[in-house]
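Examining the three-dimensional arrangement
Take a look at the letters that make up each chain.
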Amino acid sequence: MQRRAMRMEAREAAAAGAGGRAAGGWGKWVRLNVGGTVFLTTRQTLCREQKSFLSRLCQGEELQSDRDETGAYLIDRDPTYFGPILNFLRHGKLVLDKDMAEEGVLEEAEFYNIGPLIRIIKDRMEEKDYTVTQVPPKHVYRVLQCQEEELTQMVSTMSDGWRFEQLVNIGSSYNYGSEDQAEFLCVVSKELHSSPHGPGCEASRKAKVPVCAPSDPRLSWQ
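These figures come from a predicted structure and were not determined experimentally. (Residues numbered from 1 in each chain as written. Predicted model: local features only at pLDDT ≥ 70, side-chain atom pairs only at ≥ 80, totals over all residues. Heavy atoms only, no water.)

Taken as a whole, helix α5 (residues 102-112) has its buried residues at Glu-102, Gly-104, Val-105, Leu-106, Glu-108, Ala-109 and Tyr-112. Following α5 by one or two positions, Asn-113 has its phi on the positive side, about 60°. (Buried < 20%, exposed > 50% of the residue type's maximum accessible area, 1.4 Å probe, protein only. Helix = DSSP H or I, 4+ residues; strand = E, 2+ residues; numbered from the N terminus.)

Shown next, in the form of structure tokens:
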């Protein structure tokens, strides 16, 4: 069994090595020794991106690369990130282990000049940066003081996302005619999202909230 495996490996090395030539042309299989790790793939896979370093290498375009004792092309790069690059050339998808840094794969993709893969990785990284930098919404709270008869008007005139949080009866401080008027403190809130002009500035400019000053029970606007 072991001898059979050794014979098969020798045949693969013969096909991929010695210049990578078969009778009458280039062999189908190619060996790459990337940083001490050997990868076996097809010439068709390496030539998928015509402008890439790997395509030019296997086509022998003005690139002089040393070979190891099996005839594999020697490439002085990190083999850790070469696997995802080779798989991308095989099936056109970027598949990474959860612990693999996208920055490392991007560095190698740029070295090998694989344009589509470079764009995919950069898009992924930009999307992650956007997600991390998103600012959670902030809440603005206001306390409004008004009389009992003004509550209905306040509810009907509030707009732009303001909502009641709490209503507190603070007693009767004002007298209209012969009747005492109960006073209330109303706590309202609004959710503000960040915008290009600063957090919540657009919402604040449009906000329309009735407010009563302690010295004047009538409604005013902010």
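Next up on the list: the pattern of salt bridges. The full count for this structure, using the stated rule, is 3 salt bridges. With a shortest N-O distance of 3.6 Å, Glu-102 and Lys-128 are connected by a salt bridge. Taken together, the residues Glu-102 in helix α5 and Lys-128 in helix α6 (residues 115-133) connect sequence positions 26 residues apart. Put simply, Glu-102, Arg-124 and Lys-128 are held in one network by salt bridges that share partners. (Salt bridge = Lys/Arg side-chain N within 4 Å of Asp/Glu carboxyl O.)

All right, on to the confidence of the model for the chain then. Here the chain shows a mean pLDDT of 74. Residues at 70 or above account for 65%. A low-confidence stretch, residues 12-26 stays under pLDDT 50, and its non-local contacts, those more than four residues away or across chains, total 28 contacts. Overall, residues 199-222 carries pLDDT values under 50, and its contacts beyond four positions in sequence, including any with other chains, amount to 61 contacts. (pLDDT = per-residue confidence, 0-100. Contact = heavy atoms within 4.5 Å.)

Here we take up unusual backbone geometry. Its identity as a non-glycine residue notwithstanding, Asn-113 has a phi of 60°, on the positive side. Relative to the helices and strands, Asn-113 is located in the loop between α5 and α6. Judged by its relative accessible area of 40%, Asn-113 is partly exposed.

This next bit is on the sheet that holds strand β4 (residues 37-42). Taken in spatial order, the 3 strands make up an open sheet running β4-β3-β5, and their pairing is mixed. Lying at the two open borders of the sheet, with one neighbouring strand each, are β4 and β5 (73-75). Averaged over all adjacent pairs, the angle separating strand axes in this sheet is 30°, with direction ignored. Judged from the 3 bridges that link them, strand β3 (residues 29-34) and β5 form a sheet pairing that is parallel. Bridged to Val-34 within β5 is Ile-75. Strands in contact with helix α4 (residues 82-91) are β3 and β4; relative to β4, the strand with the most contacts, it is inclined by about 5°. (Pairing = 2+ DSSP bridges. Axes fitted to C-alpha atoms, helices over the stretch in contact; angles between N-to-C directions.)

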